[in-house]
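# A structural walkthrough
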Amino acid sequence: MQLKALTIVKLGGSVITYKDSSPPRVNESNLTRIAMELKTHRGELIIVLGGGAHGHQAAHSHGFADPNSSKELLVRGIPPIRHNMSELATSVETVLNKEGIPTIIIAPFACVTLRNGLIHEFPTSIIRKALDNGLVVLTHGDVCFDEESTASILSGDTIAVYLAQQMNAGTILIGTDVDGVLDDNPKLNPSAKHIPLINQENKEAILAKTGPSTNTDVTGGMSKKVNELLEIARQNREVIIFNLTVPNRLKSLLQNESTICTRIQS
Ligand code: IP8
């Protein structure tokens, strides 16, 4: 059975780029496999990219993780972050179109404003028109002007959550490099246990255990992700965090088949 309505898939930056590579490098082999899996989807699709090596390193080195950074430093960071994210988006767009997925890029910098890091304006009418015309929309984490603090980083997770609400998506699939939510950081504790379902009963206990990510991530780790996703999880909306590094998990989820993942319900 196919999923209904609009599907939003976030491609985590640590899967589509080599996150520690400087200069940033796209993970072409993961990207090609992901494109084959996405190709199996029938229905409206928005793809959201995380920043990976392209976004987070430049954001970090230009003070976006530090609330006391000067305006000058932040402004100096805008061109390199924009350049890197455009390059990443173009690489993904190229692979998807080569696989026959008719994809266009909509870059947040050109149409989104933030207020204290939260979305202030994000018009969705062009996205709607593109979907209505049978196109797949590709958008991505970005640097955006901020009404309160010059510029801030807009994370791909925040975009996925916002578009899910505004465009009434039926399914939100968040691809990461771990099996979903675990009860400890799996990169530090190999015996961390996988949590298949987060709901009202267990959410507080789980949020207390999930911490920020271990690398140069400037947009917060798993607990921010879960908190944002809990807001949009409702009956009849599937919200899932899964491991995009494992072949065929994305394909299974797109086909509504069961696979290892964390489902979020509220
Ligand atoms: O990896 C961050 O997006 P995320 C985007 O989804 C930039 O948090 C530009 C760092």
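To start, this report covers the structure provided alongside it. (Residues numbered from 1 in each chain as written. Predicted model: local features only at pLDDT ≥ 70, side-chain atom pairs only at ≥ 80, totals over all residues. Heavy atoms only, no water.)

A few words now on the overall build of the protein. Of the regular secondary structure elements, the protein holds nine helices and 14 strands. In terms of overall size, the protein behaves like a compact globule, its C-alpha atoms giving a radius of gyration of 17 Å where 266 residues would be expected to give roughly 18 Å. For the protein, the C-alpha atoms occupy an extent of roughly 50 × 45 × 35 Å along the three principal directions. By the burial criterion, 53% of the 266 residues in the protein qualify as buried. (Helix = DSSP H or I, 4+ residues; strand = E, 2+ residues; numbered from the N terminus. Rg over C-alpha atoms; globule rule 2.2 N^0.38 Å. Buried < 20%, exposed > 50% of the residue type's maximum accessible area, 1.4 Å probe, protein only.)

Let us look at the side chain of T113. Structurally, T113 can be placed in strand β4 (residues 113-115). Engagement of the side chain of T113 in a polar contact is seen with the side chain of E121, the distance being 2.9 Å. Among all residues touching T113, those that are not within four sequence positions of it are L118, I119, H120, E121, F145 and E147. (Polar contact = N/O pair within 3.5 Å; in protein donor to acceptor, adjacent residues only side chain to side chain. Contact = heavy atoms within 4.5 Å.)

Glancing now at the packing of aromatic side chains. Considering all chains together, one arrives at two aromatic pairs under this definition. Where F109 meets F145, the ring centres are 5.2 Å apart and the plane angle is 45 degrees; that geometry is what we call tilted. With F109 in the loop between β3 (103-105) and β4 and F145 in strand β7 (residues 142-146), the pair connects residues that are 36 residues apart, well separated along the chain. You can call F109 partly exposed: its relative accessible area is 24%. Ring centres 5.3 Å apart and planes at 5 degrees place the aromatic pair F122 and Y162 in the stacked group. Highlighted residues: F122 in the loop between β5 (118-121) and α5 (125-132) and Y162 in helix α6 (residues 156-166), separated in sequence by 40 residues. The same class applies to F122 as to Y162, namely buried. (Phe/Tyr/Trp six-rings, centres within 6.5 Å; stacked < 30°, edge-to-face > 60°.)

The subject of this paragraph is the packing of α6 against helix α8 (residues 222-232). Between two packed helices, both the angle of their axes relative to each other and the distance between the axes serve to describe the pair. One way to put it is that α6 packs onto α8 with a least axis distance of 10 Å and a crossing angle of 0 degrees. It follows that α6 is roughly parallel to α8 by the angle criterion. Between α6, through D157, T158, V161, A164 and Q165, and α8, the contact on the second element is made entirely by K224, K225, E228, L229, E231 and I232. Tallied by class, the residues present in the contact of α6 with α8 amount to four nonpolar, two polar and five charged. (Axes fitted to C-alpha atoms, helices over the stretch in contact; angles between N-to-C directions. Parallel < 35°, antiparallel > 145°, perpendicular 65-115°, else oblique. Nonpolar A, V, L, I, M, F, W, Y, C, P; charged D, E, K, R; others polar.)

Once that is clear, we can look at the environment of T262. With respect to the helices, strands and loops of the structure, T262 is situated in strand β14 (residues 261-264). T262 sits 18 residues away from L244 along the chain, and the two C-alpha atoms are 13 Å apart. From its side chain, T262 meets the backbone oxygen of I195 in a polar contact 2.7 Å long.

Let's shift gears to the sheet that holds strand β13 (residues 238-243). Two strands in a sheet stick together by hydrogen bonds in their backbones, pointing the same way (parallel) or opposite ways (antiparallel). Reading across from one edge, β3-β6-β2-β1-β9-β13-β14-β12 is the order of the eight strands in this open sheet, with mixed pairing throughout. Edge positions in the sheet fall to β3 and β12 (197-198), since each of these pairs with one other strand and no more. Sheet topology note: the β3/strand β6 (residues 136-140) ladder contains three bridges and is parallel. Bridged to T103 within β6 is V136. The sheet strands contacting α8 are β1 (7-11), β9 (171-176), β12, β13 and β14, and the helix crosses β13 at an angle near 155 degrees. (Pairing = 2+ DSSP bridges.)

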